Every structure is written in structure tokens, then in C-alpha cells.
Amino acid sequence: MMDATVRMPVECKSGQSAGAAGEACAPMIELKEISKRYGSLGVLNDCSLSVSRGEVVVVCGPSGSGKSTLIKCINGLEPINAGSIIVDGITVGKSTAEMTRLRARIGMVFQHFELYPHLTALENICLAQIHVLKRGKEEARAKARALLARVGLPDKEDRYPAQLSGGQQQRVAIARALAVDPVAMLFDEPTSALDPEMIGEVLAVMLELAREGMTMVVVTHEMGFARGAANRIVFMDQGKILEVSEAKRFFEAPASERARRFLSQILAH
Amino acid sequence: MTLDFTAVWKSLPFLFDGLELSFLLTASSMLGGIAFGLLLAVVRLSRLRAAAALAAVYVNGFRAVPLVLVIFWFYFLVPLAIGHAVDALQSALIAFTLFEAAYYSEIIRAGLRSVRPGQWQAAYASGLSYVQVLRLVILPQAFRNMLPLMVSQAVILFQDTSLVYVISLRDFMTSASIVATRDNRMVETYLFAAAVYFVVCASGSQAAAMLNRRRSFA
């Protein structure tokens, strides 16, 4: 049995936290023995995981294994039944006020983009800035424009989501998540709803983020991205974390038999 | 038989007085009904079980009785409860608003549920509070979906304002009846009344259909 809580030593960058060096090195996200069930159906079973600052963790596994539920627990979108989650020093689910504050510091990107269809790309990126962070309109717009340029869509600010391609919508969604200056980003199958020719443009933006040192937890089947960007791979099946390995080792010699079979299935084509 | 509309033209100010009351009742109970209906819908969709059950009883109760009964009820029973007579117009306004709220709450509830759950999640994930999520993300989308139904409900409401004759308020239909019998011009007056109802309601329905079409392009 793997020790699921083992942590890869990630270099502790200076100046990342105003607090003591010890605080800066504390894990950004820590899941301790969390469980979740819908009625009698167990979805997550005793899952523990610790993600360091600046680390990129890819979560993979067959469908229905609980990957999406796991990352939705991290920002409290899905309440847990047992265990605890600490993100950036804040315990998830403790109080509504703290949760709101915490969510504003974690960016999330969804499988189906979930851009607000009644707002333009620019307004989508401004909404949380103005209403959560209380930034001024002009400041929010300037930030939104800079982010649109960063994801390669400087000329699309007045477009509504329905006027953008899937890949463009997902890039706007990433910009929207980045607009609140998150300390960590969660990606829930960000490319699974995309046409194949649009996957690359989204992955490129994600790779860039990873290179800049963003803490990321990514649920994905894109093994190319996992190989290229992930520090560690989490493999899940039937609500359990079966394996947490360094990316290189996971692909060369997965520890669990189930992971070996999973890899041969998805890499075969 | 020849039609003579002279009596109708002469009575136009009188008739339009009644029409004004019909419009006043329609507009105010529509606005009041939407506001109260929104509250009912939100409570019904909330996790506050007891409050949700109460709201459901309210909605289903009002939908199970005819409007004319509610109008009666407010006019004759409320004075018994509060000890003095109530103004007929005020009582009609309250009765219509409470009644329409039940119907609008069903429209709004369906509208809120028509917004994908992922929109709630995305909005919550960005740190917005419940009220902000509702106001900034969900309602604008839901409103677009329910606008056509709201307009057709308003058309029904406009037709239903004729029921206030039971508490001696003079709406458009009642005014027309008065003119028809007083001047013995049944055919002409009722033809004119039908034409007015038709123009108002048809343009309402037309607006609803237009909104519906525009929605499918968005």
C-alpha cells in the first residue's frame, strides 16, 4: 500500500509568503482522510492528499472514480461527510464567510466552461473582481484585458460566450478564474468537452501557468499534459486514491496493477 | 341592421376610465406578483424545509381556488378581521397581487431551474455569495427564459381584471356593460370592447412570441 500523503520535496520559494519560512512551506492544499457519500453510495473513501505551493498535481482514473468530486471538495462545492480539508491555512466548510473568502482565492475551471452566457468575455472576467474583491470598474477592466491578452484572445472582449469556439470559451474561463489572483487553480476535465483541434490551445495556456509556478490540481485524461507539466500523478479508482507517484515514475512503472491497466487502455490509442 | 357607434364614441372617456383601472390592476399586480412570487420561488427551492413547505401550501392553495373567490374574500372577510371597511380598489389590488404571486412563483421556479447547475457552481467557485449568485448570474439568465411566460400570464391577468365587477369596481368590461345597457347599444359596445381586448392581448402575445424567438438566437 502506497503512502498517499507522501510529499515530493518542492523547493520553497522565498518571498511567497509574508509569514515565517515555515508557513511558506506548509502545504497549499491538504486533504486528510476525507469521505463523501450520496445516501448509501460512497463516492470518496478515506482520501488523503497534500499539495505543495507551486506544485502541479494531475488526478486521473477511470470515469466514476470520484476525481471530479475530489476537486470540488477542495473549494467546498461538494460538502464532505468525514475528514478535513485545509487550503492555504483555512479549513474548508467551517463558516460561510471563510468559505467565500477562500473560494475567491482558488480559481476553478470546469469541463463545460460555465461562462456566464448573458455577459461578454470582458464582463465575465470582471464580475468576481468587482463584486467579490470590490475592485473599481476601470481596474477590473484593465486586469481583464491583460488576462485576455495572456490567454491569446485580446480581440474578443466584446464577444458573448455563444460567439466563441469551445477552446476560446475555455481560455476565457481560465482568464476569469485568474482574475481574482488565486493562490491555486483547480481544473475539472478542462479539455474533455472540446473538439480535438482545440485541446492544444487550452493546454498551452495551462502549461504556461504551470511554468509560472501556479499551484494546480488538474483532473484530466491528457497524459501528454501530465507528462509535460505534472510533478505528481494521483490515480483514483472507485472513490479511493490508489497511488500518488512522481509523474515520471507513474508512466514508467505505475505501482498499482489497476493503474497499469488504466494506462495501457488510454495510451493504446 | 345598421351599426351606430355614436353612443360608443360619446362614451369613450367613460370607457377609458375603466380601461385605466384594468391597466392599473394588471401592472401593479404583475409587479407585486413577480416580487412576491420571486420570494416564494426562492424559498421553495431553498434548503429551509419548513419554509419551503409553507410556500408550497401557499402556491398550491391559491392555484386551487378561483380568482373571483379571492377577490370576494378580501373585500368581505378582511374588514371582519380588522374591524373596519376596506377600500374596494385597495382590496382588489391586494387580492390580485397575492393571487398572481402564486402563478408567477411557478413561472419563476421553472425559470430558476432552467439554468444549468454548473452556473451556480461556477459563480459560487468565484467567491460570490448566495444573493450575489442569484442576482448577478442566475436571475438574468432565468429571466430571459421566463419572459415569454410572464408576458402571457400578464395577458391572462388583464382579461381577469373584469372580475372586479363583483365588488362594484368599474374596470373596462364593466364600463362597457354600463354603456351597452344604458344606451341600448349592445352589439356596437360589445364589438368595440372585443376589439380593444383583442388589440391589447394580441399585441401582448405577439410581444411574447417575439421575445421567444429572440431568445432562441441568444
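Since this is a predicted model, take the numbers as computed values, not measurements.

So, how was this worked out
Residues numbered from 1 in each chain as written. Chains lettered and ligands numbered in written order. Predicted model: local features only at pLDDT ≥ 70, side-chain atom pairs only at ≥ 80, totals over all residues. Helix = DSSP H or I, 4+ residues; strand = E, 2+ residues; numbered from the N terminus. Contact = placed C-beta atoms within 7 Å. Buried ≥ 20, exposed ≤ 12 C-beta atoms within 10 Å, placed from the backbone. Pairing = 2+ DSSP bridges. Axes fitted to C-alpha atoms, helices over the stretch in contact; angles between N-to-C directions. Parallel < 35°, antiparallel > 145°, perpendicular 65-115°, else oblique. Left-handed = near helix turned anticlockwise from the far one by under 90°. Core = buried A, V, L, I, M, F, W, Y, C linked by C-beta atoms within 7 Å. Nonpolar A, V, L, I, M, F, W, Y, C, P; charged D, E, K, R; others polar. Arc of directions from axis to C-beta.

**A short note on the overall build of chain A**
So, point 1. Within chain A, the secondary structure is distributed over 10 helices and 10 strands.
So, point 2. Excluding contacts between residues fewer than 6 apart, the proportion of contacts in chain A whose partners are at least 24 apart in sequence is 65%.

**Some words on helix α4 (residues 121-131) of chain A**
The periodicity of an α-helix, 3.6 residues per turn, causes residues three or four positions apart to be oriented the same way.
So, point 1. When you tally the buried positions in α4 of chain A, you get 8 out of 11 residues, the bulk of the element.
So, point 2. Along α4 of chain A, the residues classified as buried are A121, L122, N124, I125, C126, L127, A128 and Q129 of chain A.
So, point 3. Against α5 (137-150) and α6 (166-178) of chain A together with α7 (130-160) of chain B lie the buried residues of α4 of chain A.

**Topic: the pairing of strand β10 (residues 240-246) of chain A**
A regular strand places its side chains on the two faces of the sheet in alternate fashion.
All names here are of chain A.
So, point 1. By the criterion of burial, β10 is predominantly enclosed, with 5 of the 7 residues buried.
So, point 2. By the bridge criterion, 6 bridges tie strand β9 (residues 232-237) to β10 in an arrangement that is antiparallel. When the sheet's bridge partners are listed, F235 is paired in β10 with E243.
So, point 3. Between β9 and β10, which pair antiparallel and follow one another directly, the connecting turn spans 2 residues, one of which, Q238, has a positive phi of 50°.

**Examining the sheet that holds strand β3 (residues 56-60) of chain A**
All names here are of chain A.
So, point 1. Strand order in the open sheet formed by 6 strands is β6-β7-β8-β3-β9-β10, with mixed pairing between adjacent strands. Because the sheet does not close on itself, it has two edges, and the strands there are β6 (106-109) and β10. Recorded for the sheet is a direction-independent mean angle of 15° between the axes of neighbouring strands.
So, point 2. One ladder, built from 4 bridges, connects β3 with β9; its direction is parallel. For V59, the partnering residue across the bridge sits in β9 and is V234.

**Some points on the packing of α6 of chain A against helix α7 (residues 196-211) of chain A**
All names here are of chain A.
So, point 1. Running from N to C, α6 and α7 point in directions that differ by 15°, and their axes come no closer than 8 Å. Classified by the angle their axes make, α6 and α7 are roughly parallel. For the pair α6 and α7, the sense of crossing is right-handed. Contacts between α6 and α7 involve G166, G167, Q170, R171 and I174 on the former and, on the latter, M198, E201, V202 and V205.

**Section: the environment of K10 of chain B**
Residues and elements named next belong to chain B.
So, point 1. Note on placement: K10 falls in helix α1 (residues 6-10).
So, point 2. The exposure class of K10 is exposed, given the 12 C-beta atoms found within 10 Å.
So, point 3. Measuring from C-alpha to C-alpha, the distance between K10 and T181 comes to 15 Å, with 171 residues separating the pair along the chain.

**Here's the deal with the nonpolar core**
So, point 1. V59, I125, A175, V217, I233 and V234 of chain A are the most contacted members of the largest nonpolar core, which totals 125 residues.
So, point 2. Within the second largest apolar cluster, 10 residues are counted, among which are M173, V179, F192 and A193 of chain B.

**Focus on the interface of chain B and chain A**
So, point 1. Counting residues at the interface gives 17 residues for chain B and 18 residues for chain A.
So, point 2. In terms of residue class, the side of chain B that touches chain A is built from 8 nonpolar, 8 polar and 1 charged.

**Quick notes on the environment of A7 of chain B**
Residue and element names in this part refer to chain B.
So, point 1. Looking at the element boundaries, A7 is found in helix α1.
So, point 2. For the pair formed by A7 and R185, sequence separation is 178 residues and the distance between their alpha carbons is 7.3 Å.
So, point 3. In this view, A7 contacts V179, D183, R185 and E188; residues no more than four positions away in its chain are not counted.

**Thoughts on the packing of helix α4 (residues 67-82) of chain B against helix α5 (residues 88-113) of chain B**
When two helices pack together, their arrangement is given by the angle between the helix axes and the distance between those axes.
Residue and element names in this part refer to chain B.
So, point 1. Here α4 crosses α5 at 135°, and the two axes come no closer than 9 Å. The orientation of α4 with respect to α5, classified from their angle, is oblique. For the pair α4 and α5, the sense of crossing is right-handed. Of α5, the residues touching α4 (which contributes L67, V70, I71, F74, Y75 and V78) are A88, S91, A92, I94, A95 and F99.
So, point 2. Of the residues contributing to the contact of α4 with α5, the split by class is 11 nonpolar, 1 polar and no charged.

**Focus: helix α3 (residues 96-103) of chain A**
So, point 1. Those residues of α3 of chain A that fall on the buried side of the exposure criterion are M99, L102 and R103 of chain A. Within α3 of chain A, the buried residues cover an arc of 95° as seen down the axis, which keeps them to one side.
So, point 2. Buried residues along α3 of chain A sit in contact with β4 (82-87), β5 (90-91) and β6 of chain A together with α6 (117-125) of chain B.

**A closer look at the sheet that holds β4 of chain A**
Neighbouring strands of a sheet are bound in pairs by backbone hydrogen bonds; such pairs are parallel or else antiparallel.
All names here are of chain A.
So, point 1. Taken together, 4 strands build an open sheet; the order of strands is β2-β1-β4-β5 and the sheet is antiparallel. Each edge of the sheet is formed by a strand with only one pairing partner; in this case those strands are β2 (41-51) and β5.
So, point 2. Direction of pairing for strand β1 (residues 29-38) relative to β2: antiparallel, over a ladder of 7 bridges. Bridged to I29 within β2 is V51.

**Section: the pairing of β4 of chain A**
All names here are of chain A.
So, point 1. Pairing geometry for β1 and β4, over 5 bridges, is antiparallel. Its bridge partner being in β4, E30 is matched across the sheet by I86.
So, point 2. Of the pairings in the sheet, the one linking β4 to β5 comprises 2 bridges and is antiparallel in character. Counterpart to I86 in the pairing with β5 is T91.
So, point 3. Taken together, β4 and the strand that follows it, β5, pair antiparallel across an intervening segment of 2 residues, in which D88 is found at a positive phi of about 50°.

**Here's the deal with the environment of G224 of chain A**
All names here are of chain A.
So, point 1. Position of G224 among the secondary structure elements: in helix α8 (residues 223-229).
So, point 2. Assessed through the 12 C-beta atoms surrounding it within 10 Å, G224 is described here as exposed.
So, point 3. Remark: the alpha-carbon pair of G224 and L267, spanning 43 residues in sequence, is separated by 9.9 Å.

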